Amino acid sequence: MDYVTEPRRLRRRRRHAPLLLLILAAVVVMGLLAAVVLSLRDRRSQQEPEADPHAGQVYVNDGANMVWLTPHEGFPVSALPQEDFRRDENEDGTPGQRVRYIGADYATRWGVDVSNYQGTIDWAALKAQGVEFAYLRIGLRGYGEAGTLYPDRSFVRYYEGAQAAGIDVGVYMFSQAATPLEAAEEALYVQQLLDGRELQLPVYYDWEPVLQEDSRTLDSSRLLLTAQARVFCELMERAGYDAGVYMNRQQGYYRYDLKTLSPYKLWIADYGDWPDFYYRFDVWQYAADGRLDGVSEILDLNVEFVPVG
């Protein structure tokens, strides 16, 4: 039988062919595996999105910065959107003193709050400009170690002038209480200073931090501060007066347990053309630099909200 001897180069190629096929198969398999892994990874990322780090939180202006906060449980939120407010303009086009609510859910009134600092006040002039109510400081506690209680020297004069002008009156006590017992002492002191006078508006507990080295309130805790406000308000209500708590945004967000204070009125200091405090409130202090005829010094301006229906 005749045959032709196969060239050596061809025999070498045939020996290499299985190896090349194995390498090619391995590359194909690895590519398929990579595609499967990527597909599973994409599917997993679609099925299991990354957790939202701010789930259940709200983004608010706390008076210093925009921050994420976990809302107080069991306390209603504000129903006052920005578009429901308009500031008056003066004849020359500059911003006026009054901010008006133009929504339909609340009836509102415009008012001021004053202390002895404002000096002589022409209450009839305030009434003529549209002022309908006034909160008068009735007393204060010193911020030093002694914590002495003082009456506001202008309270009686302001009370008589406002009432004579047909302006409704409420009062506030500037507190530096360091314990619930001292808050109770302040409530009894307010009752003593009122001496049976009629009020058309609530009595407010106005605790404010004093950032002095000798301040007696630097280390007040949230729990203690809430207890003090609750004691003050309860004692005022037992005496027959409506009661509430004055606070700024940071106190409302960080210092007070609002759910505990829900039975009482809230008066919030939130300066601007509309109130962006997250929670519900009854009185909004929108300016601390108001200028009105009849008062030589600057004064605080406020809007009171009463739900309609």
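A. Summary view of the environment of Gln-176. Looking at the secondary structure, you find Gln-176 in the loop between strand 8 (168-175) and helix 4 (180-194). Of the residues examined, Gln-176 reaches a relative accessible area of 0% and is grouped as buried. Taking the C-alpha atoms as reference points, Gln-176 and Ser-215, 39 residues apart in sequence, are found 8.8 Å from one another. When near neighbours in sequence (up to four residues on either side) are disregarded, Gln-176 contacts Arg-141, Gly-142, Tyr-143, Glu-182, Glu-186, Trp-207, Glu-208, Val-210, Ser-215, Arg-216 and Thr-217. Reaching out from Gln-176, the side chain makes a polar contact with the backbone oxygen of Glu-208 at a distance of 2.6 Å.

B. The arrangement of the nonpolar core in detail. Ranked by internal contacts, the top residues of the largest apolar core, which has 68 residues, are Trp-123, Leu-194 and Tyr-256. Counting residues per element, this core draws most heavily on helix 4, which supplies six residues. Setting aside residues up to four positions removed in sequence, Leu-194 forms contacts with Ile-138, Phe-155, Val-171, Leu-199, Val-203, Met-236 and Tyr-241. With nine residues, the next largest nonpolar core counts Tyr-172, Leu-201, Trp-267 and Val-283 among its residues.

C. Just the packing of helix 4 against helix 5 (residues 222-238), in detail. The contact between helix 4 and helix 5 brings their axes to 8 Å, and the two run at 30 degrees. The angle between helix 4 and helix 5 falls in the class roughly parallel. The way helix 4 lies across helix 5 gives a crossing that is right-handed. Mapping the contact onto sequence places Pro-180, Ala-183, Ala-184, Glu-186, Ala-187, Val-190, Gln-191 and Leu-194 in helix 4 and Leu-224, Ala-227, Gln-228, Val-231, Phe-232, Leu-235 and Met-236 in helix 5. Looking at the contact of helix 4 with helix 5 residue by residue, the classes come out as twelve nonpolar, two polar and one charged.

Reading the values: rules and limits
- Residues numbered from 1 in each chain as written.
- Predicted model: local features only at pLDDT ≥ 70, side-chain atom pairs only at ≥ 80, totals over all residues.
- Heavy atoms only, no water.
- Helix = DSSP H or I, 4+ residues; strand = E, 2+ residues; numbered from the N terminus.
- Buried < 20%, exposed > 50% of the residue type's maximum accessible area, 1.4 Å probe, protein only.
- Contact = heavy atoms within 4.5 Å.
- Polar contact = N/O pair within 3.5 Å; in protein donor to acceptor, adjacent residues only side chain to side chain.
- Core = buried A, V, L, I, M, F, W, Y, C linked by side-chain atoms within 4.5 Å.
- Axes fitted to C-alpha atoms, helices over the stretch in contact; angles between N-to-C directions.
- Parallel < 35°, antiparallel > 145°, perpendicular 65-115°, else oblique.
- Left-handed = near helix turned anticlockwise from the far one by under 90°.
- Nonpolar A, V, L, I, M, F, W, Y, C, P; charged D, E, K, R; others polar.

This is a description of form; function is not addressed.
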